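Listed below are the residues making up each chain.
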Amino acid sequence: MNILLVDPDEYFHAKFKEKFLDLGNIRMYDKVEGLREVINDFQPNIIITELLISGGTVFELLEEFKPELENQHFSLIVYTKISNLEDLVATMEAGVSRYLVKGQDTLNDLKSVILNDFNYAR
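Scope of this entry: the structure provided in the associated data block. (Residues numbered from 1 in each chain as written. Predicted model: local features only at pLDDT ≥ 70, side-chain atom pairs only at ≥ 80, totals over all residues. Heavy atoms only, no water.)

1. Remarks on the overall build of the chain
Scanning the chain from terminus to terminus reveals six helices and seven strands. Helices and strands in the chain line up, N terminus first, as β-α-β-α-β-β-β-α-α-β-α-β-α. In terms of C-alpha radius of gyration, the chain reaches 13 Å, essentially the compact-globule figure of 14 Å for 122 residues. Once the C-alpha set of the chain is aligned to its principal axes, its extents read approximately 35 × 30 × 25 Å. Taking all 122 residues of the chain together, 45% fall into the buried category. Residue pairs in contact within the chain that sit at least 24 positions apart in sequence constitute 59% of those at least 6 positions apart. About 6,500 Å² of surface is accessible on the chain, with carbon and sulfur atoms providing 46% of the total. Both charge centroids of the chain, one from 12 positive and one from 21 negative side chains, sit 7 Å from each other. (Helix = DSSP H or I, 4+ residues; strand = E, 2+ residues; numbered from the N terminus. Rg over C-alpha atoms; globule rule 2.2 N^0.38 Å. Buried < 20%, exposed > 50% of the residue type's maximum accessible area, 1.4 Å probe, protein only. Contact = heavy atoms within 4.5 Å. Areas by Shrake-Rupley, 256 points an atom, 1.4 Å probe, with all protein chains shown as cover. Lys, Arg positive; Asp, Glu negative; His and termini not counted. Charge placed at Lys NZ, Arg CZ, Asp CG, Glu CD.)

Below you can see the structure in the form of C-alpha coordinates.
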(Lines give C-alpha, C1' and ligand atoms only; values in the text may rest on other atoms or scores of the structure.)
Protein backbone atom coordinates (compact mmCIF):
# COMPACT_ATOMS: atom_id res chain seq x y z
CA MET A 1 0.00 0.00 0.00
CA ASN A 2 1.26 3.50 -0.83
CA ILE A 3 0.23 6.21 1.63
CA LEU A 4 0.91 9.89 1.01
CA LEU A 5 0.72 12.28 3.96
CA VAL A 6 0.22 15.93 3.01
CA ASP A 7 0.73 17.99 6.15
CA PRO A 8 2.81 21.09 6.92
CA ASP A 9 3.85 19.87 10.40
CA GLU A 10 7.22 18.06 10.27
CA TYR A 11 6.81 16.83 13.87
CA PHE A 12 3.63 15.10 12.75
CA HIS A 13 5.53 13.58 9.78
CA ALA A 14 7.87 11.78 12.18
CA LYS A 15 5.04 10.50 14.39
CA PHE A 16 3.02 9.41 11.39
CA LYS A 17 5.91 7.54 9.77
CA GLU A 18 6.71 5.78 13.06
CA LYS A 19 3.09 4.61 13.44
CA PHE A 20 2.33 3.68 9.81
CA LEU A 21 5.57 2.27 8.42
CA ASP A 22 4.27 -1.29 8.76
CA LEU A 23 1.41 -0.56 6.34
CA GLY A 24 3.60 -0.12 3.29
CA ASN A 25 5.34 2.72 1.51
CA ILE A 26 4.99 6.12 3.16
CA ARG A 27 5.78 9.46 1.54
CA MET A 28 5.50 12.88 3.18
CA TYR A 29 4.74 16.18 1.47
CA ASP A 30 3.94 19.59 2.90
CA LYS A 31 2.36 21.87 0.26
CA VAL A 32 -0.03 22.08 -2.68
CA GLU A 33 2.63 23.19 -5.16
CA GLY A 34 4.08 20.16 -6.91
CA LEU A 35 1.54 17.77 -5.41
CA ARG A 36 0.27 16.58 -8.79
CA GLU A 37 3.80 15.42 -9.68
CA VAL A 38 4.22 13.66 -6.34
CA ILE A 39 0.92 11.82 -6.81
CA ASN A 40 1.74 10.85 -10.39
CA ASP A 41 5.18 9.60 -9.34
CA PHE A 42 4.20 7.82 -6.11
CA GLN A 43 0.76 6.46 -7.14
CA PRO A 44 -0.75 6.51 -3.62
CA ASN A 45 -3.66 4.31 -2.65
CA ILE A 46 -4.52 6.67 0.19
CA ILE A 47 -3.80 10.37 0.67
CA ILE A 48 -4.08 11.71 4.21
CA THR A 49 -4.14 15.48 4.39
CA GLU A 50 -4.51 18.40 6.75
CA LEU A 51 -7.38 20.71 5.76
CA LEU A 52 -5.11 23.76 5.38
CA ILE A 53 -1.89 23.15 3.46
CA SER A 54 0.86 25.54 2.46
CA GLY A 55 -0.32 27.20 -0.74
CA GLY A 56 -3.94 26.03 -0.61
CA THR A 57 -6.68 23.96 0.94
CA VAL A 58 -8.18 20.52 0.59
CA PHE A 59 -11.07 22.08 -1.33
CA GLU A 60 -8.63 23.00 -4.12
CA LEU A 61 -7.26 19.45 -4.06
CA LEU A 62 -10.74 18.00 -4.28
CA GLU A 63 -11.51 20.05 -7.37
CA GLU A 64 -8.22 19.17 -9.06
CA PHE A 65 -8.37 15.46 -8.25
CA LYS A 66 -12.11 14.94 -8.68
CA PRO A 67 -11.71 12.48 -11.60
CA GLU A 68 -9.25 10.35 -9.62
CA LEU A 69 -11.52 10.31 -6.59
CA GLU A 70 -14.60 9.46 -8.66
CA ASN A 71 -12.73 6.63 -10.39
CA GLN A 72 -11.36 5.46 -7.03
CA HIS A 73 -7.72 5.74 -8.08
CA PHE A 74 -7.06 6.72 -4.47
CA SER A 75 -8.96 7.57 -1.31
CA LEU A 76 -8.62 10.91 0.45
CA ILE A 77 -8.76 11.17 4.23
CA VAL A 78 -8.75 14.54 5.99
CA TYR A 79 -6.93 14.44 9.35
CA THR A 80 -7.05 18.00 10.63
CA LYS A 81 -7.06 20.28 13.64
CA ILE A 82 -10.21 21.97 12.30
CA SER A 83 -13.35 20.53 13.83
CA ASN A 84 -16.16 22.85 12.70
CA LEU A 85 -19.24 21.25 11.20
CA GLU A 86 -19.28 23.42 8.05
CA ASP A 87 -15.85 22.20 6.92
CA LEU A 88 -16.69 18.61 7.74
CA VAL A 89 -19.90 18.71 5.71
CA ALA A 90 -18.29 20.57 2.78
CA THR A 91 -15.39 18.14 2.48
CA MET A 92 -17.57 15.05 2.79
CA GLU A 93 -19.95 16.39 0.13
CA ALA A 94 -16.95 17.08 -2.12
CA GLY A 95 -15.71 13.49 -2.06
CA VAL A 96 -13.47 12.98 0.97
CA SER A 97 -13.61 9.37 2.18
CA ARG A 98 -13.22 10.16 5.91
CA TYR A 99 -12.78 13.24 8.11
CA LEU A 100 -10.92 12.84 11.40
CA VAL A 101 -9.96 15.53 13.90
CA LYS A 102 -6.51 15.67 15.50
CA GLY A 103 -6.89 15.70 19.26
CA GLN A 104 -10.22 13.90 19.14
CA ASP A 105 -9.07 11.10 16.86
CA THR A 106 -5.64 9.59 17.51
CA LEU A 107 -3.11 8.13 15.10
CA ASN A 108 -4.33 4.73 16.30
CA ASP A 109 -7.86 5.71 15.24
CA LEU A 110 -6.54 6.79 11.85
CA LYS A 111 -4.66 3.52 11.44
CA SER A 112 -7.81 1.57 12.34
CA VAL A 113 -9.76 3.47 9.68
CA ILE A 114 -7.15 2.59 7.07
CA LEU A 115 -7.01 -1.07 8.07
CA ASN A 116 -10.77 -1.53 8.45
CA ASP A 117 -12.27 0.78 5.80
CA PHE A 118 -9.93 0.42 2.84
CA ASN A 119 -9.23 -2.86 1.08
CA TYR A 120 -5.78 -2.26 -0.32
CA ALA A 121 -3.22 -5.02 -0.47
CA ARG A 122 -0.01 -4.32 1.40
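Still more to cover.
2. Digging into helix 6 (residues 107-117)
Those residues of helix 6 not exposed but buried are Leu 107, Leu 110, Lys 111, Val 113 and Ile 114. In an axial view of helix 6, the angular spread of the buried residues amounts to 155 degrees, which keeps them on one side of the axis. On its buried face, helix 6 is in contact with strand 1 (2-6), helix 1 (10-20), strand 3 (46-49), strand 6 (75-80) and strand 7 (98-101). Put simply, Thr 106 is the residue that caps the front of helix 6, since its side-chain oxygen is 3.2 Å from the backbone nitrogen of Asn 108. (Arc of directions from axis to C-beta. Polar contact = N/O pair within 3.5 Å; in protein donor to acceptor, adjacent residues only side chain to side chain.)

3. Remarks on the side chain of Glu 50
Assignment of secondary structure puts Glu 50 in the loop between strand 3 and strand 4 (52-53). Judged by relative accessible area, which is 6%, Glu 50 ranks as buried. Setting aside its immediate chain neighbours within four residues, Glu 50 contacts Val 6, Asp 7, Pro 8, Val 58, Tyr 79, Thr 80, Lys 81 and Lys 102.

4. Looking at a nonpolar patch on the surface
Together, Leu 85, Leu 88, Val 89 and Met 92 make up an exposed nonpolar region whose accessible area comes to about 310 Å². With respect to the helices and strands, Leu 85 occurs in helix 5 (residues 85-94). A relative accessible area of 58% places Leu 85 in the exposed class. (Patch = residues over 30% accessible without salt bridge, like charges linked within 9 Å, V, L, I, M, F, W, Y side chains within 5 Å. Salt bridge = Lys/Arg side-chain N within 4 Å of Asp/Glu carboxyl O.)

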